[in-house]
Structures are given as structure tokens and as C-alpha cells.
Amino acid sequence: MKKFLALVVSAGAMMIAGVAQAATLDDVKARGYLQCGVSQGLPGFSNADDNGNWTGIDVDLCRGVAAAIFGDANKVRFTPLSAKQRFTALSSGEIDILSRNTTWTMTRDTQLGLNFAGVNYYDGQGLMVPSSLGITSVSELDGANICTNTGTTTELNITDYFRSNNMSFELIAFEKADEVVAAYDAGRCDVYTTDRSGLAAQRTKLTNPDAHVVLPEILTKEPLGPVVRQGDDQWFNIVRWSLNAMINAEELGVTKSNVGSMMGSNNPSIARLLGDEGNFGQELGLSNDWAANIIKAIGNYGESYDKHITPLGLARGVNALWNNGGILYAAPIR
Ligand SMILES: N[C@@H](CCC(=O)N[C@@H](CS)C(=O)NCC(=O)O)C(=O)O
């Protein structure tokens, strides 16, 4: 019995060792680039131009992680994924990070073997209708045809909302976001529902964007953030702290253009962020200028937001820093 127990214990220890060895960082370094899962095309978040160059805040996060690891923000490849495909792509190892307007929910956190490493955009579900319908509130939508994406929280939320308000509706769901846009644009549905940022982004693809109105109600909380596999705490920390570094840099006034002159700063928080003080990078398995490299290549969170999200007409709102009227609050580097 004792012998048997000893065997079980050693198998358990091996398993723990095995999990600890699931070193995504080593794999990424050996491969020479980061594999990042993004949406198939959502302006502001992750969108490719005709030459295959990806831009957006979700893209910036992956470029930031690449800069933190390699000192080179270009050492990343992007895999466009539909909402339905995204979690399998991550659990199967096809991608190292999922950075794709993905809502942090309890089931996704606890049932899929995945972990959310933070929030890079606080959103909520909204609804858009053609102005010609003269609708001003979601309460007027009884009996509506509603278009959305499969495999999303959106699909579940809209069903909850209509059922709990005893309203009837017909859901028309597609896997590809562009199919939803096309169906709505062609008048197949009265309503387009998704995250409000998604509405602002997809609206730009409509034949006449000005002929549509986003209703005032925000139905849900949709905290969007990067996701990694469970069982690799070092990797989780690298992703979490790359995001935190970008948010802290904004709070400390460190930007893409001034980061060079901020080196050697006598502000201790800046000195820790930029690797002048402490061993913060090494403790992540990186070099101590990991965060300086992110900011040099990408800039801080506010710069990324201004570049990609502001053009969609979305003000910072709740995504402003905590000391500027918002809820963006990164744990300190110390
Ligand atoms: N945040 C929601 C919705 C995410 C989602 O897939 N939204 C669609 C509509 S905005 C989308 O990303 N489409 C863009 C694409 O797939 O390229 C979730 O995590 O389930």
C-alpha cells in the first residue's frame, strides 16, 4: 500500500513538473515568433489591410508581447479566427495567445482550461437599427429579426434579454462577422446586435453608415481581454504584465516618443517600469528592458487607444484610467 501510494505521489509530482514545463515562452523563443489569434477583421481591434498588415488594439497587445520577449514587435504572426473557432485554436496549441475581443466570463474561465490575463477594453452589448424604422429604444423591438454571430456571448445575452422581458424575436446567426454585416445591410434583419465597439467598427462597412442608429441601452458587461492556456503561470504573467505595463506607462506619462529620455528617471515607478531599477523583467523570464521595449515599439495604452479606437468615434469612457474618470486600473510594478 505504501509502495502504491509512493507511486501515485511520484506520478503526481511528475504531472506537476510536466505542467510547470509547459513553457510557452520556450516554445515561442525556439520558434522565433509569437502566434497570436485575432478576429477575422474588426477595425480598431484587429484588421488586416490589402497587404496583410494587421492593426488594432488587440494586435498591439500581441506586438507588445513580442517586443517584450524578442525586443522586436514584428516577431508575431496573426491567425484570424471566428468566434466559434477561437477557443479550440488556443487549447490545441495553434496559437499562444488569443487577443480577439473576447468577453471574460465565468464558464470560459473555469470550463475551457483557459485563463483570462486581464481586460484591454471594457465593453457592453448594444443594438443598431436602421434609422428609417424610427425606433428609439430596445423596448420597441418586440417581434424583431435580429442578426448576430454564433459562438458569442451576444447570442446568449440577447436571448436572455428578450425572454426575461417577455418579448418575442427571431435570431439569425452567422459564423462570419462579414456575413452578419451583409445580412443586416441587405435588410434581412431589423437589428444588428454585438458589443458596442463592434457596432461602431462594423458600421463603417455598411453601404450608408449614417442611415443607422445605435440604441441608447447597454444590455450587458463585456470585459474583453487576452486569453492563455491554463497551466503555464509564467506565460500568463508575461501576457498580464505586458498589458499592465502599457496601462501603467500611460499613468506615468511614459510614451513612445519620450521613453528614451525617461530612461534614468529619478521617479522610482518609472525606473522600475523601464528596468533601471529591480529585476522585474528577469522575474518574468525576460530581460529587464521588456517594458521599455513594449513602449518603444507600441506606445502606452492611451496611445494605442487613440490610434485605433478613437477614429471609430468611441470616447475613452469607462476605458479611461482610474484617476481620470474610468475603471482602467493596473496593479503596480514594484
Ligand atoms: N465579445 C463577444 C463577441 C465577440 C465576437 O466575435 N464579436 C463579433 C462581432 S463584433 C466579431 O468579433 N466579429 C469580427 C470577426 O469575427 O472578425 C464574445 O466574446 O463572445
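Fair warning: this is a prediction, and the values are worked out from it, not measured in the lab.

**Here we look at the nonpolar core**
At step 1: Counting 59 residues, the largest nonpolar core has Leu34, Tyr121, Trp235, Val254, Leu273, Leu274 and Trp290 as its most contacted members.
At step 2: The contact partners of tryptophan 235, leaving out residues within four places of it in the chain, are Thr24, Leu25, Val28, Leu34, Val65, Ile69, Asp96, Ile97 and Val228.

**With respect to the site of the ligand**
At step 1: Not every one of the 20 residues close to the ligand is listed here, only the nearest: Gln40, Arg100, Asn101, Thr103 and Asp195.
At step 2: Here arginine 108 contributes a side-chain N or O atom positioned 2.9 Å from an oxygen atom of the ligand.
At step 3: Contact with the protein chains covers 99% of the free accessible surface of the ligand, which is 500 Å².
At step 4: Elements supplying a minimum of two residues to the shell around the ligand: α6 (153–164) and β11 (191–195).

**Focus: the state of the cysteines**
At step 1: Under the definition given, this model contains two disulfides.
At step 2: For cysteine 147, the disulfide goes to cysteine 189, at an S-S distance of 1.9 Å. Here the S-S torsion is close to -95 degrees, and the disulfide linking cysteine 147 with cysteine 189 is therefore left-handed. Placement of cysteine 147 in strand β9 (residues 144–149) and of cysteine 189 in the loop between α7 (177–185) and β11 is noted, with a sequence separation of 42 residues between them. In this pair, the class of cysteine 147 matches that of cysteine 189, namely buried.
At step 3: Numbered in order of appearance, the disulfide-bonded cysteines of the protein chain are paired 1-2, 3-4.

**A word on the domain arrangement of the protein chain**
In many reports, interface size means the accessible area that the parts give up when they come together.
At step 1: In terms of domains, the protein chain is made up of domain 1 (19–122 + 224–324) and domain 2 (125–220).
At step 2: On a C-alpha basis, the centres of domain 1 and domain 2 stand 30 Å from each other.
At step 3: Across the boundary between the two partners, domain 1 contributes 18 residues, which contact 15 residues of domain 2.
At step 4: Surface buried jointly by domain 1 and domain 2 totals about 1,200 Å² across both partners, of which 58% is contributed by carbon and sulfur atoms.
At step 5: Where domain 1 touches domain 2, the interface holds one salt bridge.

Cut-off values and rules
Residues numbered from 1 in each chain as written. Predicted model: local features only at pLDDT ≥ 70, side-chain atom pairs only at ≥ 80, totals over all residues. Heavy atoms only, no water. Core = buried A, V, L, I, M, F, W, Y, C linked by side-chain atoms within 4.5 Å. Buried < 20%, exposed > 50% of the residue type's maximum accessible area, 1.4 Å probe, protein only. Contact = heavy atoms within 4.5 Å. Near = heavy atom within 4 Å. Polar contact = N/O pair within 3.5 Å; in protein donor to acceptor, adjacent residues only side chain to side chain. Areas by Shrake-Rupley, 256 points an atom, 1.4 Å probe, with all protein chains shown as cover. Helix = DSSP H or I, 4+ residues; strand = E, 2+ residues; numbered from the N terminus. Disulfide = S-S within 2.5 Å. Domains from an automatic or database assignment. Buried area = accessible area lost by both parts, 1.4 Å probe. Salt bridge = Lys/Arg side-chain N within 4 Å of Asp/Glu carboxyl O.

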